[in-house]
Amino acid sequence: MKIKYALIFIPLFIVGCEEQITVREVCDQNAKFCNDLNSDGHCNKVRSEVIVKRHLEKQNPIDENKYNLLLDFEEYSKCIYLASQIEHVKLKEKKNSRIKGYMTSLREIERLTSETKNTSHPGLLYYQWSHNNDESALNKFLSLEDSQSMKNSHMQFLLATYYIKFDLEKTVDLLYRALELNPENTLPNNEIYKTLVNIFYKQKKYKHAYIWALISKESGIENIEITPLEHMLETQGKSIDSLKSLANKTQRQVEGGTFFSPRDF
């Protein structure tokens, strides 16, 4: 890329009650939100997300905005760290730019973590526990389990990642609930599918594992072994075609916002 702000021209917007802003406009208005990140083409998508989320958090520093920015910085940090390990014989400035972006991510993650230590936001409470081993934050997070703030796909998945250590049945219920709450025309977190496959395989519920494995593969998840499950089910006399049909129907329901847990019937 010849342009310093490699991502400025991606059509990413912040949409609020009275505001719509592009990445380019953020960089023009507040260059520091862009200058301390990498300036080449690596990690384009998440870098762009970080830029607009930094602007939004600056404009309205509520916990929800801090949480969204924190998650993006975590993703950016992992991506740019890997990119910074790539050696450039003739282009040392690229490596230096990526290192600069990585150091910025660490600094911002530390800032956001510190500023939200006494939060009541469920996502931030989970983060404080999972990243900083804050047991008090975990207790607060669990106390919100039945609250309105937890009634979305993301929070149900976070609950599932806690219960998976000791209650697989509840974990499945929470994962199904996460899929029920998946917004229409939105792809769910792929980890939900992978976790369902692993749980059902562990429980030797191979038909269920196969259905979610098919959905996982159709959703672009790699390293999903379909053939062994298929052979196992065929030896049990199961109809593979009917299971494939059910998997296609289930995936359409999830992505269309019409999925309901089969355990409810």
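Every chain begins its residue count from 1, and numbering advances along the sequence as written. Local features in a predicted model are, by the rule used here, given only for residues with pLDDT of at least 70; side-chain atom pairs are given and counted only at 80 or more, and totals for whole chains, interfaces and linings are based on all residues. Working from all heavy atoms in the structure, the side-chain values ignore hydrogens and water.

A.B. asks: Which parts of the structure should I look at to understand unusual backbone geometry?
C.D. replies: Where the residue is not glycine, phi is negative for most of them; where a peptide bond is considered, it is trans in most cases. One non-glycine residue, Lys 204, lies in the positive phi region at around 65°. Residue placement: Lys 204 occurs in the loop between α10 (190-202) and α11 (206-218). Any residue under 20% of the maximum accessible area for its type is buried, any over 50% is exposed, and the rest in between are partly exposed; the area is computed with a 1.4 Å probe on protein chains only. Accessibility expressed as a relative area gives 63% for Lys 204, which makes it exposed. Backbone geometry places Asn 223, a non-glycine residue, at a positive phi of 60°. Each helix corresponds to a stretch of at least 4 residues labelled H or I by DSSP, and each strand to a stretch of at least 2 residues labelled E; elements are numbered beginning at the N terminus.

A.B. asks: When you look at the packing of aromatic side chains in this model, what are you seeing that I'm missing?
C.D. replies: To describe a pair of aromatic rings, one takes the distance between the centres and the angle between the planes. Stacked, tilted and edge-to-face are the three classes assigned to paired rings of Phe, Tyr and Trp, where Trp is represented by its six-membered ring and a pair needs centres within 6.5 Å; plane angles under 30 degrees give stacked, over 60 edge-to-face, the rest tilted. Under the criterion given, the structure shown has 13 aromatic pairs. Consider the rings of Tyr 162 and Tyr 163, whose centres lie 5.0 Å apart with planes at 75°: the pair is edge-to-face. For Tyr 162, a relative accessible area of 16% corresponds to the buried category. With 5.4 Å between their ring centres and 80° between their planes, Tyr 162 and Phe 166 make a pair best called edge-to-face. A connected cluster of aromatic rings, assembled from ring pairs, spans Tyr 126, Trp 129, Phe 141, Tyr 162, Tyr 163 and Phe 166.

A.B. asks: Help me understand the side chain of Arg 98 in this model?
C.D. replies: Among the structural elements, Arg 98 can be located in helix α5 (residues 92-115). Note on Arg 98: relative accessible area 1%, which makes it buried. Polar contacts involving the side chain of Arg 98 include one to the side chain of Asp 40, which spans 2.5 Å. Distance and chemistry together define a polar contact, namely a pair of N or O atoms within 3.5 Å, with one atom able to donate a hydrogen and the other to accept it when in protein, and with adjacent residues in sequence counting only for side-chain atoms on both sides.

A.B. asks: I keep staring at the state of the cysteines and nothing clicks. Help me out?
C.D. replies: Cysteine sulfurs are considered disulfide-paired once they come within 2.5 Å of each other. Within the structure shown, the criterion is met by two disulfides. Across a sulfur-sulfur distance of 2.0 Å, Cys 27 and Cys 34 are joined as a disulfide pair. Sign of the S-S torsion, about -95° for the bond between Cys 27 and Cys 34, identifies this disulfide as left-handed. Assessed through its relative accessible area of 1%, Cys 34 is described here as buried. The disulfide partner of Cys 43 is Cys 79, and the S-S distance across this bridge is 2.1 Å. Across the S-S bond of Cys 43 and Cys 79 the torsion is about -100°, and the bridge reads as left-handed. With Cys 43 in the loop between α2 (32-35) and α3 (44-59) and Cys 79 in helix α4 (residues 63-84), this pair connects stretches of sequence that are 36 residues apart.

A.B. asks: How should I be thinking about the confidence of the model for the chain in this particular structure?
C.D. replies: Do not read the predicted coordinates in detail wherever pLDDT is low. Note on scores: pLDDT gives the predictor's confidence for each residue, bounded by 0 and 100. The pLDDT averaged across the chain works out to 90; a share of 89% of its residues lies at or above 70. Working rule for contacts: check all heavy atoms of both residues, and any pair within 4.5 Å makes them a contact. Every residue in residues 1-18 scores below 50 in pLDDT, and together they form 44 contacts with partners more than four places removed in sequence or on other chains.

A.B. asks: What's the story with the packing of α4 against helix α6 (residues 122-132) in this structure? I'm lost.
C.D. replies: Packed helices, taken two at a time, are described by the angle between their axes plus the distance between the axes. To get an axis, a line is fitted to the C-alpha atoms, and for a helix only the part in contact is used. The angle between two axes follows their N-to-C directions and goes from 0 to 180 degrees. Running from N to C, α4 and α6 cross one another at 40°; their axes reach a closest spacing of 9 Å. It follows that α4 is oblique to α6 by the angle criterion. Contact with α4, carried on its side by Asp 63, Tyr 67, Leu 70 and Glu 74, involves Gly 123, Leu 124, Tyr 127 and His 131 of α6 and no other residues of that element. Here the nonpolar group is Ala, Val, Leu, Ile, Met, Phe, Trp, Tyr, Cys and Pro; Asp, Glu, Lys and Arg are the charged ones; every other residue, Gly included, is treated as polar. Of the residues that constitute the contact of α4 with α6, the class distribution is four nonpolar, two polar and two charged. For classification purposes, an angle smaller than 35 degrees is called roughly parallel, one larger than 145 roughly antiparallel, one from 65 to 115 roughly perpendicular, and anything else oblique.

A.B. asks: Looking at this model, I keep getting lost on the nonpolar core. Mind explaining?
C.D. replies: Side chains that are nonpolar tend, in soluble globular proteins, to be buried together. To form a nonpolar core, buried Ala, Val, Leu, Ile, Met, Phe, Trp, Tyr and Cys residues must be joined to one another through side-chain atoms within 4.5 Å. Counting 67 residues, the largest nonpolar core has Phe 73, Tyr 76, Phe 141, Leu 179, Leu 196, Tyr 210 and Trp 212 as its most contacted members. The element best represented in this core is α11, accounting for eight residues. Residues within four places of Phe 141 in sequence aside, it is in contact with Pro 122, Leu 125, Tyr 126, Met 150, Leu 158 and Leu 159.

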